[in-house]
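Survey of secondary and tertiary structure
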Amino acid sequence: MEQISKQNFEAWMERILDRLDRTDGKLEQVLKRQNCMDGDDLLDNQDLIGLLKVSHRTLQRFRSDGKLPYCKYKGKAYYKLTDVHQFIRAYFEGR
């Protein structure tokens, strides 16, 4: 069985780690694209409940009243980040 030198081993490991870093970067890009629509980030109910500090029922009321635009995918509500920003501005201007 042939043995490899320490230098060769370290060079191989360096190449492997570089490849893993590049792959990690590509995976992050893919995951970011999955959570967007028309180039806009998407938030789900849990995201908005935490962001707005409201209950699930209040969030549902905002949707039902047409105050907060949303789309549904596989039974789950999603909100465009720009729509959420507009809603927050309108909500606080009305107070």
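Source: prediction; values computed, not measured. Note that residues are indexed from 1 along each chain, following the sequence as it is written. Restriction of local features to residues with pLDDT of at least 70 applies here, the model being predicted, together with a cutoff of 80 or more for giving and counting side-chain atom pairs; totals for whole chains, interfaces and linings are based on all residues. Hydrogens are left out, water is left out, and the side-chain values use all remaining heavy atoms of the structure.

As for the pattern of salt bridges
- Criterion for a salt bridge: a side-chain nitrogen of Lys or Arg within 4 Å of a carboxyl oxygen of Asp or Glu. Using the criterion set out here, one finds 1 salt bridge in the structure.
- Across the salt bridge formed by D44 and K76, the nearest N and O atoms sit 3.3 Å from each other. With D44 in strand 2 (residues 40-44) and K76 in strand 4 (residues 76-80), this residue pair connects regions lying 32 residues apart in the sequence.
- Exposure categories follow from relative accessible area, calculated using a 1.4 Å probe and restricted to protein chains: below 20% of the type maximum is buried, above 50% is exposed, and the middle band is partly exposed. Take K76: its relative accessible area is 37%, and that puts it in the partly exposed class. A helix here means a DSSP run of H or I that spans at least four residues, while a strand means a run of E at least two residues long, and both kinds are numbered starting from the N terminus.

Comments concerning the nonpolar core
- Of all hydrophobic cores here, the largest spans 12 residues; its members are L43, L48, I49, L52, V54, L59, F62, L68, A77, Y79, V84 and F87.
- Among the secondary structure elements, those contributing two or more residues to this core are helix 2 (45-52), helix 3 (56-64), strand 4 and helix 4 (81-93).
- Here this core gets 3 residues from one element, more than from any other, and that element is helix 2.
- Residue contacts for V54: discarding those within four places in its chain leaves I49, L59 and F62. What makes a nonpolar core is a set of buried Ala, Val, Leu, Ile, Met, Phe, Trp, Tyr and Cys residues whose side-chain atoms join them at distances within 4.5 Å. Any pair of residues with heavy atoms lying within 4.5 Å of one another is described as a contacting pair.

Things to note about a negative patch on the surface
- Taken together, E14, D18, D21, D24 and E28 make up a surface patch of like negative charges.
- Examined against the element boundaries, E14 turns out to sit in helix 1 (residues 6-34).
- With relative accessibility at 47%, the residue E14 sits in the partly exposed group. Any residue with relative accessible area above 30% and no salt bridge may belong to a patch, with like charges joined within 9 Å and the nonpolar Val, Leu, Ile, Met, Phe, Trp and Tyr side chains within 5 Å. Each accessible area is a Shrake-Rupley result for a 1.4 Å probe, and residues are judged covered by the shown protein chains and nothing else. When charges are tallied, Lys and Arg are placed among the positive residues and Asp and Glu among the negative ones, while His and the ends of the chain are skipped. Charge positions are represented by NZ for Lys, CZ for Arg, CG for Asp and CD for Glu.

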